[in-house]
Amino acid sequence: KQNITQSHAAPHKGCKSAAPYDRIIIATPIEIIPQDIINQLTPKGELTCVLTGQDGLMDITHVTTHGKTVLQNSLFETKSLPVPPTFQQEERFVF
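Owing to the predicted nature of the structure, the values given are computational and were not obtained by experimental measurement.

## A word on the overall build of the protein chain
The helix and strand inventory of the protein chain stands at one helix and four strands. Seen in sequence order, the protein chain has helices and strands lined up from the N terminus as β-α-β-β-β. Relative to its 95 residues, the protein chain shows a buried fraction of 29%. When the accessible area of the protein chain is evaluated, it comes to approximately 7,200 Å², of which 54% is carbon and sulfur surface.

This is the structure in structure tokens:
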């Protein structure tokens with residue numbers, strides 16, 4: 001049996017009420033993968049997302065969990081789209 005849960009609220013926090021998940025797909029470009037979302041994967045869970053870099057390229061990324069070990073692999077790069085504010089990195093002090 002397969003179930004799909006779609007969430008539209010606070011996407012950077014995931015949907016803890018229905019966790020754990022075997023697979024999570026984040027279809028919008030993001031700069032970081034929030035730990036809250038990784039924590040919602042099963043011990044053999046998978047996450048696929050689009051990470052953006054400062055160079056304007058997007059990296060299609062696959063994350064797998066093996067117990068407490070988290071592995072992140074780049075599948076391929078492509079051109080970047082705008083990142084939603086909830087997935088942007090916090091501003092850092094710059095001289």
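Right, picking up where we left off after that structure.
## Quick notes on the confidence of the model for the protein chain
Residues at a pLDDT of 70 or more form 88% of the protein chain, whose mean pLDDT is 84. Per-element confidence in the protein chain is highest for strand β2 (residues 41-52), whose mean pLDDT is 93, and lowest for strand β4 (residues 69-79), whose mean pLDDT is 88.

About the criteria used
Residues numbered from 1 in each chain as written. Predicted model: local features only at pLDDT ≥ 70, side-chain atom pairs only at ≥ 80, totals over all residues. Heavy atoms only, no water. Helix = DSSP H or I, 4+ residues; strand = E, 2+ residues; numbered from the N terminus. Buried < 20%, exposed > 50% of the residue type's maximum accessible area, 1.4 Å probe, protein only. Areas by Shrake-Rupley, 256 points an atom, 1.4 Å probe, with all protein chains shown as cover. pLDDT = per-residue confidence, 0-100.

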